[in-house]
Amino acid sequence: MSPRIVPLVLITLGVLTLEVASAAAQTTSEPVGRFEVAVGAGWLGGASLGEQPADLRSASATPFQLFDTDTDLGSSGTFEARVGFALTRIFGIEGRAAISNPELSTVITNDVEAPGTFTAVESIDQYVFDGGIVVRFGAWDGLGLTPFATAGLGYVRQLHEEHELVEEGHLFYVGGGVTHTMFSRPQGLIRAASLRADVRLNVFSVELDEDNRPQGSVTGSLVLTF
Amino acid sequence: MSRHRVSVWIAIAVIVLGLPGTAYPYSHLTIDTTTGSRPIRWTVPSVRWYANDRTVLGLSASQFQSEIAQAFSTWEGVPTASIAFQFAGFTTAVPFDDDGLSVFGFDSQPDMDRVLGATSFIVDVVTGAIVESDVFFNAIFAWSATPAGDAARFDLRSVATHEIGHFLGLGHSAIGETEPRPDGGRRVLGSGAVMFPISLGRGIVTDRTLQPDDIAGASDLYPDDDFRSDTGIITGRVRLNGAPVKGANVIAFNPQTGSLISNFSNADGTFRIAGLTPGPHVIRVEPIDDADIDSFLEPQGVNVNFQVTFYDKLIVAPVGGASTSFDVTVQSK
């Protein structure tokens, strides 16, 4: 685990715990249902993978640059499925599978023989399997919204174009959002249905990019509670 | 010609010894054997070499032997290649004699006033196995074994590292940029491989250190147990107006590591670049325009009349395999 990430996760969880202590004092009732199933879609932000010059050795201490490159992983749509289990009315755990299809692009500039700017691209299939905790706070009266916070970690699998290379890695995330309950009832198979909006900061660490790579995401999902 | 203009290294041995083979568009030297074209390579587990005991100004025989031995160690240190050498002793035998000994030594060749060193081979024309290889260093130049280099002399270990690349069977790499000199020679602006055919100049010791292109070439020729499984290959074809392009220098650039590894396209336009770190690569195709074509390969049929071209897709080198072949279309100049 990256030293830069650990404090972020721990501090976030610490804040959540304090919030929960006060929220827990407000209610001790059981959750409407224990199990949640959700499907959703959204947007996964891009990230810069950095610049890299194509340097040649020269007769001086300064390298001779053949050309320069700047590589980015583009933003993309994402689809996800999620299952959750409510431990209490406030605490829950959840797991998620998400797929996205970002484009990796390298912009080439300053070639010594070819004036202009060139771009080389490839498509990546990215699969994420993650899990963590969810903490629900008290509902905002009048708005019909219930805020929550999440944090967790997961596994990343990237398949390069034509599936000729698989790269693996991990991610950490923190985030939050709101849910809006469309209906709930004490009996029946489906106890509640709600809409959920998530905003997350995902920190990926994949072989493609040896550094930690922060990427934001926004998703909306339909949640069924059983 | 002035000695100051002398800066060209060539591996002329195949021509000098009149072998039937020629250098084909590939980073390895090849020969036409009775069973087809083959790369030439050593097949013995440890290659024995001798040092000629001739001295030149400023260098003793033991200094000469020490520098050559350290250049051999550089190639032995390639982690993905399996190559071993053994110093067999000093000798009065001279390079380029067909005597069964692989000899490194100085020789004065005033008529080769642009050649710092050269490598010759005797090759089994059935198997492509190297039987003997000699390397000479042109004694008309001033040489240095100074650790930091001598601004007035050529660094012996750097040139030896280059020539030992030939000794192994490697051809010249075209990763480099030059500009013409007023006197007709070429000045190196940048070099991306020890096996680039033109020296960076006097006092420069950077060619003591192998570059990714050198390491890939040696490893492809003498792979260790893990080389094939740990690295990837990119394959493709270069075309101009629908016709194959021979002799295009195709460079694979890894935007994560910054490494540059190249190879030439064959007569049918196909190319193969091995020893790549798995991952996406930028593909740059350029004509041979930074040294004489025959420094690299048989000039007949080589097309240099096209523009530098970047392929519009990143090409992924897979782990332990080859990419799906793709076509790069270049435009005429």
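Residues numbered from 1 in each chain as written. Chains lettered and ligands numbered in written order. Predicted model: local features only at pLDDT ≥ 70, side-chain atom pairs only at ≥ 80, totals over all residues. Heavy atoms only, no water.

Draft legend 1. Inspection of the side chain of D214(B) at higher detail. Mapping D214(B) onto the fold places it in helix α4 (residues 212-221). One buried charged residue, D214(B), forms no salt bridge at all, with the nearest opposite charge on R57(A) at 5.6 Å. One polar contact links the side chain of D214(B) to the main-chain amide nitrogen of Q211(B), over a distance of 2.8 Å. (Helix = DSSP H or I, 4+ residues; strand = E, 2+ residues; numbered from the N terminus. Buried < 20%, exposed > 50% of the residue type's maximum accessible area, 1.4 Å probe, protein only. Lys, Arg positive; Asp, Glu negative; His and termini not counted. Salt bridge = Lys/Arg side-chain N within 4 Å of Asp/Glu carboxyl O. Polar contact = N/O pair within 3.5 Å; in protein donor to acceptor, adjacent residues only side chain to side chain.)

Draft legend 2. Highlighting the packing of aromatic side chains. Residue and element names in this part refer to chain B. Scanning the entire structure with this criterion turns up 26 aromatic pairs over all chains. Each ring, one from W42 and one from F167, has its centre 5.1 Å from the other, and the planes form 35°; the classification is tilted. Highlighted residues: W42 in the loop between β2 (36-39) and β3 (47-52) and F167 in helix α3 (residues 156-168), separated in sequence by 125 residues. With relative accessibility at 0%, the residue F167 sits in the buried group. The interplanar angle of 65° and the centroid separation of 5.6 Å between the aromatic rings of W49 and F104 together place this pair among those described as edge-to-face. (Phe/Tyr/Trp six-rings, centres within 6.5 Å; stacked < 30°, edge-to-face > 60°.)

Draft legend 3. Focus on α4(B). All names here are of chain B. Within α4, eight of the 10 residues are buried, leaving the element largely enclosed by the surrounding structure. Restricting attention to buried positions, one finds in α4 the residues D213, D214, A216, G217, A218, S219, D220 and L221. Each element contacted by the buried residues of α4 is listed here: β2, α2 (61-76), α3, α5 (227-230), β15 (260-264) and β16 (270-276). (Contact = heavy atoms within 4.5 Å.)

Draft legend 4. Representation of the sheet that holds strand β3 (residues 64-73) of chain A. Residue and element names in this part refer to chain A. Reading across the sheet, the four strands line up as β2-β3-β6-β7 and stay open at both edges, with antiparallel pairing between neighbours. Of all the strands in the sheet, the pair left with one neighbour each is β2 (47-56) and β7 (118-123). Averaged over all neighbouring strand pairs, the angle between strand axes comes to 20°, with direction disregarded. The pairing of β2 with β3 spans nine bridges and is classified as antiparallel. Residue pairing in the sheet places G50 in a bridge with T71 of β3. (Pairing = 2+ DSSP bridges. Axes fitted to C-alpha atoms, helices over the stretch in contact; angles between N-to-C directions.)

Draft legend 5. Just unusual backbone geometry, in detail. Unusually for a residue other than glycine, N110(A) sits at a positive phi of about 60°. Backbone geometry at F96(B) places phi at a positive 75°, although glycine is not the residue there. Mapped onto the fold, F96(B) is located in the loop between β4 (85-91) and β5 (103-107).

Draft legend 6. Structural context of the side chain of S221(A). All names here are of chain A. Here S221 shows up in strand β12 (residues 209-225). A distance of 3.0 Å separates a polar atom in the side chain of S221 from a polar atom in the side chain of R82. With residues up to four places along the chain from it excluded, the contact list for S221 reads A38, V39, G40, E80, R82, S194, L195 and R196.

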